[in-house]
Amino acid sequence: MPLSEQEQRLLDEMERHLMRNDADVVSAPRDGRTLSYRNIVYGTILVLLGLGGLIVGVSQQLIVVGVIGFVVMLGGVLLAVTPGRGPGKVRVEADRPAKPQNSASFMDRMNDRWDKRQEER
């Protein structure tokens, strides 16, 4: 079923808005927490040590050494992807009042916004 003229305009507007603001979404900070280079370096070192232990354990048929190497590798990966805590960083969101929940559906809100923009023109 083809889109109506209004629906097509709304879709085009949403696409333009998305293209314009896509860089904002990609570069948005995640709760003020970023990956720590120190954690990445230490995690990489642990992964390499664990990989070495795993290879030694498999080649020498020492299951315990292989399992320990695998656990060290897993710990290194978890350490590398864990965001670091910067000094003095405080979560601001906890102090903000909660936003009221809107009971209208997404499309209803978009249609309302579209109608308001048409009235402004």
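Residues numbered from 1 in each chain as written. Predicted model: local features only at pLDDT ≥ 70, side-chain atom pairs only at ≥ 80, totals over all residues. Heavy atoms only, no water.

**Focus on the pattern of salt bridges**
And step 1. Applying the stated criterion across every chain, the model contains 2 salt bridges.
And step 2. Residue Glu5 is joined to Arg9 by a salt bridge in which the shortest nitrogen-to-oxygen separation is 3.4 Å. Within this pair, Glu5 and its partner Arg9 are both found in helix H1 (residues 5-26), separated by 4 residues, close to a single helical turn.
And step 3. Overall, the relative accessible area of 62% leaves Glu5 in the exposed class.
And step 4. Residue classification places Arg9 among the partly exposed residues on the basis of a relative accessible area of 36%.
And step 5. A salt bridge links Glu13 to Arg117, with the shortest nitrogen-to-oxygen separation between them at 2.3 Å. (Salt bridge = Lys/Arg side-chain N within 4 Å of Asp/Glu carboxyl O. Helix = DSSP H or I, 4+ residues; strand = E, 2+ residues; numbered from the N terminus. Buried < 20%, exposed > 50% of the residue type's maximum accessible area, 1.4 Å probe, protein only.)

**Here's the deal with the side chain of Glu13**
And step 1. Among the structural elements, Glu13 can be located in helix H1.
And step 2. Other than its neighbours up to four places away in sequence, Glu13 contacts Arg20, Trp114 and Arg117. (Contact = heavy atoms within 4.5 Å.)

**Quick notes on unusual backbone geometry**
Glycine aside, a negative phi is what most residues show, and trans is what most peptide bonds show.
And step 1. Although it is not a glycine, Gln61 sits at a positive phi angle of roughly 55°.
And step 2. Here Gln61 is to be found in the loop between helix H2 (37-59) and helix H3 (63-81).
And step 3. Looking at Gln61, the relative accessible area reads 71%, which means it is exposed.

**With respect to H2**
Helical geometry note: an α-helix holds 3.6 residues per turn, so side chains three or four residues apart project in the same direction.
And step 1. Compared with the 33 Å implied by 1.5 Å per residue over 23 residues, the 33 Å span of H2 between its first and last C-alpha is a close match.
And step 2. As for H2, its buried residues are in contact with H3.
And step 3. Remark: Gln61 follows H2 within two positions and exhibits a positive phi of approximately 55°. (Expected span 1.5 Å × (residues − 1).)

**A closer look at the environment of Pro83**
And step 1. Tracing the backbone shows Pro83 in the loop between H3 and helix H4 (106-120).
And step 2. Residue Pro83 is classed as partly exposed on the basis of its relative accessible area of 25%.
And step 3. With 47 residues separating them in the primary sequence, Pro83 and Ser36 have C-alpha atoms 6.0 Å apart.

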